[in-house]
Amino acid sequence: MYNKFRVYSASHIGHREENQDAHAVLIKPQYGEFLCVVADGMGGHKGGAFAAQKVVDVCTQKWNENDSIEEPENFLTELAFSAHSAILDSQIEEFAQAQSLVCMLYVNLAQSIFMSMHVGDCRTFQFKNESFVKRTVDQSLAQLHALKGDISDDEIASHPDQNKIYSSLGGSEPPSPLIERYETSGNVFLVCSDGFWELFTQQSLGGVLENIESDKDLDTLIQQQLANKNQHDNTTAILIKLWPEETAGSGPTPQEQYGIKSPEPELLKPESAEKESNRVEVPTEENIDPTQFHSDVKSSTVKNTAEQSSHSQYKLLLGLGVLIILTTLGYYFLSRPISIDSASLPHQKTSNANSSEANPPIPLPRSDSNSQSKQQDNLPLESSEKSSKEVIGTDTSSADSGNIETRRSTPDIPVSSIDDAIEKTVEALREEGDLGEDDELKVANRGREIGNSQVIKLQQFYKGLPVYGAETITLVRENKIASINSKTLNDINIDTTPALSADEAFTLAEDEVKSTLRMLQQAQLIIFKKGDNYLLVWRAEVEKATGEQVMLFLDSSNALIVEEISLHISEGLVDETK
């Protein structure tokens, strides 16, 4: 059991015009509870700062309204939707686009509860001393690339889709807060904005944090990492270090053992890098009389009977006031048309997905995401100069997938295994009429499991031929299908026998492009949707006489170019990760 903790925090403006991050550490020392909050604002000049501060204000208010937190998961979820509503309700014209991302960690040391909630790409990490244990899963397109195995976790920071977020507070759609629980296997936690975790590789982060022993240390670390960068986002981090009872030290005074060394705070303001860190020691159930637990921790001296009586009356009045406030707030929020859609991941465009399955999917334009980064594991990542964050919503279909409509569902179907999840995904799509009788789905990629989540990518085939851009993304979380994002076609009806062979088609295409074409891979026959029509198409990567490499899609009936995609569009992005 942990009975001590220390909290360090720092925030830096980075290379932005203003710091749109906000953070807070909220403590209930009498219960051994605390809440760390990091909010990352976005939405134009001052709008982001407004939204992030609104998140912190709501968390502070809700924290102070409650006594001990009896149902942490419900409490954290309520914080997300309360903050979302508060941003919407208080927006003025100047901050019309104000939104925020958030990550918060709730800890109850007396009950060994460790739980986080996040919306967006702010993260909570858990370490065991210097070793990585666990982290939250970002709600970004770059994270989905990693879940599907297209890129590594460390490549998320520099991926061009990192700024594309699909869940936020204050947006046009309700947020999808994700709850994560942590075992007692790790004793170090980090809650931070993406501006902080992008500075390090995941492997190096635990060792870097091991040496932090004050707010000033943390602030210095951030400044060192930003020193060689020309462009970087706001950077905020809260570091929590825990100690078990047996290593808590010898001979603590009663004041140290049962309270906070500094005056008891309701809200710590850790922005100053010069202040002392907060240290709390929580009494254990074995050596504390339950009837004295609250009052002993609230003060370093024993209260007399009159003081205890006065304090009891105060608590009674405070309790009645809180009850009235909670009843009013409960009526307000229950009357709002808010639907909670938790833990759903929308579909997005992928690139160069590698597959070990028998029938590989059609690769999209190459992004060189599998190239080896040249940084050493113990060096920080060089973050790319990404554009401002944007919330992309739930429909991210793109032109290169034939403008196939994305259909999203959250069926919450129990599954016994990943194979079972695949079968039930196909069954669900057939029941909805999203697959024709000559269509089937085959596994294109099984993403790595991160936390309790795993993503499966399925490719549609028509009479044995892959359908370009027609894919389904299934999210499995905690032994259930949490969401299905399908881009499938149910009305394909064409002859699958090509009029021209691949060699014939590409020979004829040379006249159209006025260049010789050197095949870089064997051509593949696919189904391609062009407008309202379906075409039988030869697809292959080729090199022109100029040295330019392109992906060509040729109509198998007349060799006309249906689509041409350059394979060099991502070179500049690759260099930024070196």
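What you see is a predicted model, and the numbers here were worked out from it, not measured in a lab. (Residues numbered from 1 in each chain as written. Predicted model: local features only at pLDDT ≥ 70, side-chain atom pairs only at ≥ 80, totals over all residues. Heavy atoms only, no water.)

**Quick look at the overall build of the protein**
Helix and strand content of the protein: 12 helices and 25 strands. Summing over all exposed atoms, the protein offers an accessible surface of approximately 25,300 Å²; the carbon and sulfur share of this is 47%. (Helix = DSSP H or I, 4+ residues; strand = E, 2+ residues; numbered from the N terminus. Areas by Shrake-Rupley, 256 points an atom, 1.4 Å probe, with all protein chains shown as cover.)

**Re helix α6 (residues 215–226)**
Because each turn of an α-helix spans 3.6 residues, side chains separated by three or four positions in sequence point in the same direction. When the terminal C-alpha atoms of α6 are compared, their 17 Å separation across 12 residues agrees well with the 16 Å that a helix rising 1.5 Å per residue should span. Restricting attention to buried positions, one finds in α6 the residues D215, L218, D219, L221, I222, Q225 and L226. Down the axis of α6, the smallest arc covering the buried residues is 155 degrees, so these residues share one side. Buried residues along α6 sit against β1 (2–12), α4 (194–197), α5 (202–210) and β11 (235–244). (Expected span 1.5 Å × (residues − 1). Buried < 20%, exposed > 50% of the residue type's maximum accessible area, 1.4 Å probe, protein only. Arc of directions from axis to C-beta. Contact = heavy atoms within 4.5 Å.)

**Side note on the pattern of salt bridges**
As enumerated under the stated definition, the model contains 19 salt bridges in all. A network of salt bridges, in which partner residues are shared, links R123, R135, D138 and D153. (Salt bridge = Lys/Arg side-chain N within 4 Å of Asp/Glu carboxyl O.)

**Section: the pairing of strand β7 (residues 131–135)**
Bridge count between strand β6 (residues 123–128) and β7: four bridges; the pairing is antiparallel. Residue pairing in the sheet places Q126 in a bridge with K134 of β7. Here β6 hands over to β7 after two residues, with N129 in that stretch at a positive phi of 60 degrees. (Pairing = 2+ DSSP bridges.)

**Overview of the nonpolar core**
Ranked by internal contacts, the top residues of the largest apolar core, which has 32 residues, are L35, V55, L76, V102, M104, M117 and L169. For this core, the elements supplying multiple residues, two or more each, are β2 (21–28), β3 (33–42), α1 (47–65), α2 (72–90), β4 (99–108) and β5 (113–119). At eight residues, the largest contribution of residues to this core is made by α1. V55 has contacts with A39, A83, I87, S100, V102 and L169, leaving out every residue within four places of it along the chain. Among the nonpolar cores identified, the runner-up in size contains 27 residues, and L489, A502, V513 and A523 belong to it. (Core = buried A, V, L, I, M, F, W, Y, C linked by side-chain atoms within 4.5 Å.)

**Points about the side chain of Q126**
As for its placement among the helices and strands, Q126 is situated in strand β6. Judged by its relative accessible area of 1%, Q126 falls in the buried class. Residue contacts for Q126: discarding those within four places in its chain leaves S131, F132, V133, K134, Y182, E183, S185, G186, V188 and F189.

**A few points about a negative patch on the surface**
Together, E423, E427, E431 and E432 line one region of the surface with negative charge. Structurally, the position occupied by E427 is in helix α10 (residues 418–431). (Patch = residues over 30% accessible without salt bridge, like charges linked within 9 Å, V, L, I, M, F, W, Y side chains within 5 Å. Lys, Arg positive; Asp, Glu negative; His and termini not counted. Charge placed at Lys NZ, Arg CZ, Asp CG, Glu CD.)

**Here's the deal with the environment of D21**
With respect to the element layout, D21 can be found in strand β2. Taking the C-alpha atoms as reference, D21 lies 9.7 Å from D233; in sequence the two are 212 residues apart. With residues near it in sequence (within four places) discarded, D21 still touches S11, A39, D40, G41, A52, S193, N234, T235 and T236. A distance of 2.8 Å separates the side chain of D21 from the side chain of T236, its partner in a polar contact. (Polar contact = N/O pair within 3.5 Å; in protein donor to acceptor, adjacent residues only side chain to side chain.)

**Some points on the packing of aromatic side chains**
Centre distance and the angle of the planes are the two values used to describe a pair of aromatic rings. Taken as a whole, this structure holds 12 aromatic pairs when the rule is applied. Both rings, one in W63 and one in F75, keep their centres 6.3 Å apart while their planes meet at 55 degrees; by these two values the pair is tilted. Residue W63 is located in helix α1, and its partner F75 is located in helix α2; the two are separated by 12 residues in the primary sequence. Seen in terms of ring centroids, F125 and F127 are 5.9 Å apart; in terms of plane orientation they differ by 10 degrees. Their pairing is stacked. For F125, a relative accessible area of 1% gives the class buried. Given a relative accessible area of 1%, F127 falls into the buried group. An aromatic cluster is present here, built from Y2, F114, Y182 and F189 joined pairwise through their rings. Between the NZ or CZ atom of K134 and the centre of the ring of Y182, over which it lies, the distance is 5.2 Å. (Phe/Tyr/Trp six-rings, centres within 6.5 Å; stacked < 30°, edge-to-face > 60°. Lys NZ or Arg CZ within 6 Å of the ring centre and 35° of its normal.)

**Overview of the packing of α1 against α2**
Axes are the key here: two packed helices are described by the angle between their axes and the distance separating the axes. The contact between α1 and α2 brings their axes to 9 Å, and the two run at 130 degrees. Judged on the interaxial angle alone, α2 and α1 are oblique. You can see that α1 and α2 cross each other, and the crossing is right-handed. On the side of α1, the interface is formed by F50, A51, K54, V55, V58, C59, K62 and W63, while α2 contributes F75, E78, L79, S82, A83, A86, I87 and S90. (Axes fitted to C-alpha atoms, helices over the stretch in contact; angles between N-to-C directions. Parallel < 35°, antiparallel > 145°, perpendicular 65-115°, else oblique. Left-handed = near helix turned anticlockwise from the far one by under 90°.)

**Description of unusual backbone geometry**
One non-glycine residue with positive phi stands out, namely K463, at about 50 degrees. Among the secondary structure elements, K463 is positioned in the loop between β18 (453–462) and β19 (465–477). Residue class for K463 comes out partly exposed when judged on its relative accessible area of 45%. For N479, which is not a glycine, the phi torsion comes out positive at approximately 65 degrees. Taking the relative accessible area as the measure of exposure, N479 reaches 56% and is therefore exposed.

**Looking at the confidence of the model for the protein**
On average, residues of the protein carry a pLDDT of 75, and 70% of them reach 70 or more. Below pLDDT 50 for its whole length, residues 248–387 participates in 268 contacts with residues either more than four positions away or in separate chains. In the model, residues 394–402 has pLDDT below 50 throughout and makes 21 contacts with residues more than four positions away in sequence or in other chains. (pLDDT = per-residue confidence, 0-100.)

**Things to note about the environment of A24**
As for its placement among the helices and strands, A24 is situated in strand β2. The buried category is assigned to A24, whose relative accessible area is 1%. C-alpha separation for the pair A24 and Q53, spaced 29 residues apart in sequence, amounts to 9.8 Å.

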